[in-house]
Structures are given as C-alpha cells and as structure tokens.
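Observations on the three-dimensional arrangement
This is what each chain is made of:
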Amino acid sequence: MGQKIDKITLKGFKSIKELVDFPLRDLNILIGPNGAGKSNFVSLFTFLHEVIEGRLGLYAAKKGGTDDHLFMGPKVTKEISAYVHFHPTGYGFCLEPTIDNTFVFSDERIHLDFGGGETREDSIGRGHRESTLKERRKKTDEPDFRVFQNVYESISSWVTYHVHDTSDTAPMRRAGSIRDNEYLRPDAANLGAYLLMLRDQHRGVYEKIRDIVRLAAPFFDDFKFRPRASNGDETLHLEWTQRGSDYPFLVTQLSDGTLRFIALTTALLQPNPPATILLDEPELGLHPYALTLLAELLKKATENTQVIVSTQSASLLDHFEAEDVVVVERENGASTFKRLSSGELGEWLKDYSLGELWEKNIFGGRPSNG
C-alpha cells in the first residue's frame with residue numbers, strides 16, 4: 001500500500017489559485033457553500049491519478065480541455081503546479097497549456113527525504129506530454145527506481161468513490177463477472193462480486209458489513225449470491241433477503257439510500273484499503289441514523305487509511321472534532337482553506353455542536369454575498 005499524504009501545494013488549478021504546504025491529517029472533513037471549491041479539491045486527486053497513469057491528455061480532453069483546469073482561464077493563469085509529499089518521498093510538476101488545448105510538462109520532479117533535514121529534488125524531464133513516472137519505476141537499473149515505485153504506488157492507490165448514481169441503470173444495480181473482485185471499483189460497479197469475495201476470504205469483514213447494514217436498514221437480513229454461467233464466465237446479480245423471509249430480492253429492489261449506504265460501508269471497511277480514500281458528499285440520501293453510522297465508519301477507517309470527505313451536512317459534522325474540519329470559502333474568485341481549531345472555538349463548543357456553529361456562521365463556510 002502507498003503512503004498517506006502529509007502536505008500538498010497547488011497553484012492555478014480550477015478555483016484554487018494558491019494553496020501552499022497545506023497539511024492533511026488522517027481524517028479531513030471539507031465543508032463550505034456550493035461553489036467554494038470542495039469538489040475541485042477532491043477532483044485534484046483524480047487528476048493526479050490520471051497524470052501518473054499516463055492519461056493526462058485523454059482526461060483533460062474529456063473534462064473540457066486545458067482552459068477548464070486553469071484558474072480563471074489561460075489569460076490569468078499560465079501554468080498549473082502541484083506538489084504532494086508522502087514521507088519519505090514527494091512528487092511535483094508544472095503543466096503549461098499548448099496551442100492545441102493540451103498540456104505539456106514544463107517540469108516533473110521527485111523528492112526524497114534522507115532524514116535529519118537532508119532532502120533532494122530531481123527533475124525527471126521537461127517538454128513531454130505524459131508523465132514518465134510509470135515506466136521509469138520499472139527500470140531497476142535506475143538509481144532512483146525505488147523512489148519512482150513509492151511515488152507511483154502512493155498516487156495510484158488513491159481512490160475517489162462516486163456512488164451517487166443509484167438509478168435503474170446504475171452500475172451497482174447491474175450484473176457483473178464474479179472474477180471482478182480484486183478491489184472495489186470507484187463506482188462500486190462490482191459490489192456483488194466484491195462482497196462475495198469478502199464472504200469467502202474475509203468472513204469477519206463481511207459479517208461486520210452485513211451487521212452495520214442491518215443497523216441502518218432493520219428490514220435487511222443478508223446478501224444472497226447465486227452466480228450464473230454466461231458465455232464461459234460466471235456473472236452475479238446481487239440479491240438480498242429480508243428478515244423473517246428467505247425470498248431473494250434483487251438489488252434493484254433496494255432504495256437509493258440503502259444501496260448507497262451498502263457501497264459506502266463496503267468501501268470504508270475493505271480489508272486492504274487504498275492509501276487515501278476520497279468521498280464527495282457521501283451523506284446524500286441517508287437518514288440521520290445512517291449518518292451517525294457513516295461518521296463512525298469514517299473515523300474507524302482512519303486506522304488503516306487516510307480519508308478526505310467533502311460534505312454539506314451539519315448533522316454529519318456534529319460527529320467530528322474541530323481539527324478534523326477544513327473550511328473552504330471563495331474569496332475574490334479563489335478558494336481558501338482553513339483548518340478549524342478547538343482552542344479558538346473553545347467557549348462556543350461548551351454550548352454548541354460544530355454543526356450548530358456552522359449553521360450560525362461562526363467560523364464561516366456559509367453562503368455570502370461578499
């Protein structure tokens with residue numbers, strides 16, 4: 001598994017004009033009004049993932065080209081620069097837009113901490129359109145190939161889970177191959193196959209997921225797995241049973257909120273989690289008690305992984321400490337980020353919860369006309 005992120009520097013990316021050496025903890029709860037930049041911050045990690053996988057050009061084109069990634073557009077911002085540090089290594093780059101609406105690396109760098117304050121930064125190229133990191137990590141004759149491996153494994157292990165789509169044609173509601181079970185996909189398209197693998201290989205984890213789902217949905221009893229032969233493979237349409245009955249219901253007969261909660265619970269309890277998990281507004285469609293369970297799952301997950309969450313829910317916020325919370329606001333068109341301090345809020349916290357203070361606009365993060 002890769003390393004957790006210690007700090008991040010980002011300039012010129014979407015609504016983020018400048019963020020310098022911003023520290024990240026094991027648990028990071030981003031709050032703020034619509035349009036403040038929370039989702040832009042979360043999307044950075046997908047952007048970085050696509051960069052090191054050598055898919056920058058394709059990703060940028062699908063997301064609107066270079067102009068949509070530059071703060072205030074190319075007339076204001078001439079490059080995107082980013083640096084992420086995960087001890088003992090780090091990775092950074094500068095990207096400039098080209099005339100054909102793609103990016104080119106004006107610099108790509110790796111960083112290494114030797115201990116005792118001694119560090120080293122090396123450029124690994126300029127003028128290329130796709131990162132060379134993925135290929136260079138395979139060249140064992142290179143002196144820094146282990147640094148390349150550490151950087152690649154850390155960034156490639158980040159997963160942003162998007163489980164908002166619970167429509168009739170959502171990937172979670174459709175059948176899939178039972179062989180697709182190595183990891184839980186970002187859209188939980190292989191939820192059934194992954195749960196079957198957990199039942200067979202990590203029984204304790206599977207039972208914990210089942211029991212927590214029972215708490216959120218008292219009518220739920222268990223999952224049911226009945227693979228079927230299909231074109232030389234076996235496919236699985238996830239089913240479930242209700243308490244007091246052995247009749248198998250299809251996953252299509254679960255409510256949106258229940259299905260979303262199952263996917264989130266599975267993601268947060270997986271036995272071999274990614275180095276960093278990102279969730280954008282996971283509270284959507286969940287009732288208050290399910291939010292309480294979700295908060296506990298988020299805190300529990302930090303024992304094995306780093307968690308970054310964007311939320312609009314004051315009820316969810318109530319379950320965390322002030323230092324877990326990052327307030328995101330928009331000032332003069334640029335996103336700002338500030339971590340709360342229980343010391344600064346000490347007197348307020350004697351009488352109010354964090355969610356209540358947020359609703360009262362004591363520490364910002366609420367819509368304004370400024």
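Everything quoted here is computed from the prediction, not taken from an experiment.

With that settled, consider the pairing of strand β2 (residues 16–23). Both strand β1 (residues 7–13) and β2 contribute to a ladder of five bridges, which runs antiparallel. Considered in β2, the bridge of Phe13 is made with Ile16. What sits between β1 and β2 in their antiparallel hairpin is a turn of two residues, with Lys14 showing a positive phi close to 50°.

Once that is clear, we can look at the sheet that holds strand β14 (residues 248–250). Spatial ordering of the open sheet is given by β10-β13-β14, a layout of three strands whose pairing is antiparallel. Every other strand in the sheet has two partners, leaving β10 (220–224) and β14 as the edge strands with one partner each. The average undirected angle you get between the axes of adjacent strands in this sheet is 40°. One ladder, built from four bridges, connects β10 with strand β13 (residues 239–242); its direction is antiparallel.

What follows concerns the environment of Ser156. Relative to the helices and strands, Ser156 resides in helix α4 (residues 145–156). Judged by its relative accessible area of 22%, Ser156 is partly exposed. For the pair Ser156 and Ala275, spaced 119 residues apart in sequence, the C-alpha to C-alpha distance is 9.0 Å. Sequence-distant contacts of Ser156, defined by excluding residues within four places in its chain, comprise His49, Ile52 and Glu53.

What follows deals with a nonpolar patch on the surface. Together, Trp348, Tyr352 and Ile362 make up an exposed nonpolar region whose accessible area comes to about 250 Å². Following the sequence through the fold, Tyr352 ends up in the loop between α10 (346–349) and α11 (354–359). Overall, Tyr352 belongs to the partly exposed group, its relative accessible area being 31%.

A word on unusual backbone geometry. At the junction of His87 and Pro88, the peptide bond is cis and its omega measures out at 5° in the coordinates. Within the secondary structure, Pro88 sits in the loop between β4 (80–86) and β5 (89–97). At Lys14, a residue that is not glycine, the phi angle is positive and equals roughly 50°.

Time to look at α4. Residues three or four positions apart in an α-helix share a direction because the helix packs 3.6 residues into each turn. Under the 1.5 Å per step criterion, the end-to-end length of α4 is 16 Å for 12 residues, consistent within 8% with the ideal 16 Å. Residues of α4 that are buried make contact with α1 (38–52), β4, β5, β6 (103–115) and α3 (133–136).

Quick look at the sheet that holds strand β15 (residues 276–280) now. The six strands are arranged β8-β15-β16-β3-β17-β18 in an open sheet whose pairing can be described as mixed. Looking along the sheet, the strands with just one partner apiece sit at the ends: β8 (159–161) and β18 (334–339). Strand-to-strand twist across the sheet, computed as the mean angle between neighbouring axes with direction ignored, equals 20°. Pairing analysis gives five bridges linking β15 to strand β16 (residues 306–311), with the strands arranged parallel. Considered in β16, the bridge of Thr276 is made with Gln306. Across the sheet, α1 is in contact with β3 (27–31), β8, β15, β16, β17 (325–331) and β18; its angle to β16 comes to roughly 145°.

With respect to the helices and strands, Ser154 occurs in helix α4. Under the relative-accessibility criterion, Ser154 is labelled buried at 0%. Excluding residues within four positions of it along the chain, Ser154 makes contact with Gly2, Gln3, Phe86 and Ala275.

What counts and how
- Residues numbered from 1 in each chain as written.
- Predicted model: local features only at pLDDT ≥ 70, side-chain atom pairs only at ≥ 80, totals over all residues.
- Heavy atoms only, no water.
- Pairing = 2+ DSSP bridges.
- Helix = DSSP H or I, 4+ residues; strand = E, 2+ residues; numbered from the N terminus.
- Axes fitted to C-alpha atoms, helices over the stretch in contact; angles between N-to-C directions.
- Buried < 20%, exposed > 50% of the residue type's maximum accessible area, 1.4 Å probe, protein only.
- Contact = heavy atoms within 4.5 Å.
- Patch = residues over 30% accessible without salt bridge, like charges linked within 9 Å, V, L, I, M, F, W, Y side chains within 5 Å.
- Areas by Shrake-Rupley, 256 points an atom, 1.4 Å probe, with all protein chains shown as cover.
- Salt bridge = Lys/Arg side-chain N within 4 Å of Asp/Glu carboxyl O.
- Expected span 1.5 Å × (residues − 1).

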